[in-house]
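Given next are the chains, with one letter for each unit.
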Amino acid sequence: CFVVMGGARDQHGSIADNCSTFWVSHRWIVVLWHFLLRIMFAASTSLLTPVLDGLTLAHLKREEGSDQKDFGKERLHGAIWWAIANMILGPLIDYWGFEVMYFSALFAAGLCFGAIFIYSKHMNASLNCMLNEESFSGEEKNIDVGAKKNAMVGQEGLSQKSYISMLSLLYLIGGTIFGGSFLFSFFTLNTGMSVVESLIFLYYDFLGGSNTLCGLTVVVTVLFEIPIFHLAPVILQKFNPAHMQIIASIAFVVRVIGYSLIPSNRMYLALFLEPLHGLTYAFATISSVEFVTLLIPEGYESSGQGLLQLFKGLGYFIGLCFGGWAEETLGPRRMYQTLAAFTLLG
């Protein structure tokens, strides 16, 4: 982190110590270190997202009075805290600089470990309670609770006959014209969204925006995500995943074309377009999770979401490769218009 911090200071012309001077003359080390950090970050999130989605879906299936269509209600908590974090970080970065991110990252890591600990403790308590109740009924009286717990945990791994390969799961999801079309649309949309999520603040800087205003744009998007996530069960009764994916794509196309038309030094106009991002993100998330959930067998929730993340990752890879090149050669306005056309294909 401090290596990257030295490189960041160099870019802003504020290096005054010998350590930072060393990194100026060895900038390739900074680039390599930053590249390795990005790989570590991408690998971590690619593992984390499908596991969290799978755990959430499995929990909703077990929970009495809940359904997997309630996934959006669980997901909205992430949207809320995303908005709070950006609302706080925007002014802090304006005041203290990007060094704030290193301390906030450590704080967020501590919160993650705390959440994992609480979740694990709750799951163990629930499992022990369920096993203790079963041990006093019928033929379960003489069964050792600890042994049965181990058997339950390893049951799926021992049942090789019911194992479904990832290739078979992929065929279940995208083996039809409808499934393949949905995945292609999901891919094209994420190709465009990758550029918006990773490069939009550079465009806002190009338009003359501040970090505080950038943080405010995130708050506006989340304000429109929250009610959509909360009403996910109702929305899914009125629209199927395909219709929601189409709506998400249309909202994205309208938004990025709007971005390309914003005059310089009028970055605040982007606030009127940000509600469309909330619509795009919420509808795309709910529709894709529901689409996979309807097709995969029980017990393969995380595997199904992992395959979904594969297409999302491919979209992000291609989108960012194109976005970096296009912003340098075509300019940001033409880049967003091109992405709108490509997303429209899906």
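Here, the structure is the one placed above.
In what follows, the accompanying structure is described. (Residues numbered from 1 in each chain as written. Predicted model: local features only at pLDDT ≥ 70, side-chain atom pairs only at ≥ 80, totals over all residues. Heavy atoms only, no water.)

So, about the overall build of the protein chain. Scanning the protein chain from N- to C-terminus turns up 14 helices and zero strands. Its helices and strands taken in sequence order, the protein chain reads α-α-α-α-α-α-α-α-α-α-α-α-α-α from the N to the C terminus. By residue count, 37% of the 346 residues in the protein chain fall in the buried class. Summarising the internal contacts of the protein chain: among those between residues at least 6 apart in sequence, 76% fall at separations of at least 24. Here the protein chain has roughly 20,300 Å² of accessible surface; of this, 69% comes from carbon and sulfur atoms. (Helix = DSSP H or I, 4+ residues; strand = E, 2+ residues; numbered from the N terminus. Buried < 20%, exposed > 50% of the residue type's maximum accessible area, 1.4 Å probe, protein only. Contact = heavy atoms within 4.5 Å. Areas by Shrake-Rupley, 256 points an atom, 1.4 Å probe, with all protein chains shown as cover.)

Glancing now at the environment of arginine 75. One can find arginine 75 in helix H4 (residues 71–96). For the pair arginine 75 and phenylalanine 229, spaced 154 residues apart in sequence, the C-alpha separation works out to 6.7 Å. When neighbours within four sequence positions are excluded, arginine 75 is seen to be in contact with Phe229 and Tyr281.

Here the focus is the packing of helix H8 (residues 177–206) against helix H14 (residues 332–345). Packing of H8 against H14 brings their axes to within 9 Å, and their N-to-C directions diverge by 165 degrees. One element, H8, and the other, H14, form an angle in the roughly antiparallel class. Both H8 and H14 take part in a crossing whose hand is left-handed. Contacts from Phe184, Phe187, Thr188, Leu189, Thr191, Gly192, Val195, Val196, Leu199, Ile200, Tyr203 and Phe206 of H8 reach H14 at Pro332, Arg333, Met335, Tyr336, Leu339, Phe342, Thr343 and Leu345. By residue class, the composition of the contact of H8 with H14 is 15 nonpolar, four polar and one charged. (Axes fitted to C-alpha atoms, helices over the stretch in contact; angles between N-to-C directions. Parallel < 35°, antiparallel > 145°, perpendicular 65-115°, else oblique. Left-handed = near helix turned anticlockwise from the far one by under 90°. Nonpolar A, V, L, I, M, F, W, Y, C, P; charged D, E, K, R; others polar.)

It is worth spelling out the packing of aromatic side chains at this point. Applying the stated rule across the entire model yields eleven aromatic pairs. A centroid spacing of 6.5 Å and a plane angle of 35 degrees characterise the contact between phenylalanine 184 and phenylalanine 187, whose relative ring orientation is tilted. Taken as a pair, phenylalanine 184 and phenylalanine 187 lie in helix H8 at a separation of three residues, close to a single helical turn. For the ring pair tyrosine 259 and tyrosine 336, a centre distance of 6.0 Å and an interplane angle of 65 degrees mean the geometry is edge-to-face. A residue pair is termed long-range when its members are at least 10 positions apart, and tyrosine 259 in helix H11 (residues 241–260) and tyrosine 336 in helix H14 qualify at 77 residues. Tyrosine 336 carries the same exposure label as tyrosine 259, and that label is buried. (Phe/Tyr/Trp six-rings, centres within 6.5 Å; stacked < 30°, edge-to-face > 60°.)

We now examine the environment of valine 220. With respect to the secondary-structure elements, valine 220 resides in helix H9 (residues 211–230). Along the primary structure valine 220 and glycine 278 are separated by 58 residues, whereas in three dimensions their C-alpha atoms are 8.0 Å apart. With residues near it in sequence (within four places) discarded, valine 220 still touches Leu271, Glu274 and Pro275.

What follows covers unusual backbone geometry. Generally, phi is negative for residues other than glycine and the peptide bonds are trans, each holding for most cases. For asparagine 265, which is not a glycine, the phi torsion comes out positive at approximately 65 degrees. Its place among the elements puts asparagine 265 in the loop between H11 and helix H12 (274–295).

A few words on the nonpolar core. Membership of the largest hydrophobic core comes to 39 residues, with the highest contact counts inside it found for Val196, Ile200, Tyr204, Val256, Tyr259, Ile286 and Tyr336. Secondary structure elements with two or more residues in this core: H4, H8, H9, helix H10 (232–238), H11, H12 and H14. Those residues in contact with valine 256 that lie beyond four places of it in its chain are Val196, Tyr336 and Ala340. Within the second largest apolar cluster, twelve residues are counted, among which are Phe182, Phe186, Tyr300 and Leu307. (Core = buried A, V, L, I, M, F, W, Y, C linked by side-chain atoms within 4.5 Å.)

It is worth spelling out the environment of alanine 42 at this point. Tracing the chain through its elements places alanine 42 in helix H3 (residues 27–62). By relative accessible area, which is 42% here, alanine 42 ends up partly exposed. Expressed as a C-alpha distance, the spacing of alanine 42 and glycine 313, which sit 271 residues apart in the sequence, is 9.2 Å.

Our next topic: H8. End to end, H8 covers 42 Å across 30 residues, agreeing with the expected 44 Å (1.5 Å per residue, within 8%). Along its length, H8 shows its largest kink, about 60 degrees, at leucine 199. Glycine 208 lies just past H8 and shows a positive phi near 95 degrees. (Expected span 1.5 Å × (residues − 1). Bend = angle between axes of the 7 residues up to and from the residue.)

For threonine 221, the position within the fold is in helix H9. Not counting the four nearest positions on each side in its chain, threonine 221 is found in contact with Glu274, His277 and Gly278.

Look at H11: 29 Å from first C-alpha to last across 20 residues, which is about the 28 Å you get at 1.5 Å a residue. With respect to burial, H11 is a largely interior element, 14 of its 20 residues being buried. The N-cap residue of H11 is asparagine 240: its side-chain oxygen and the backbone nitrogen of alanine 242 are 3.0 Å apart. (Polar contact = N/O pair within 3.5 Å; in protein donor to acceptor, adjacent residues only side chain to side chain.)

Moving on: the side chain of asparagine 190. For asparagine 190, the location among the structural elements is in helix H8. Apart from the residues within four sequence positions on either side, asparagine 190 is in contact with Lys312, Gly315 and Tyr316.

Shape descriptors only; they carry no functional weight alone.
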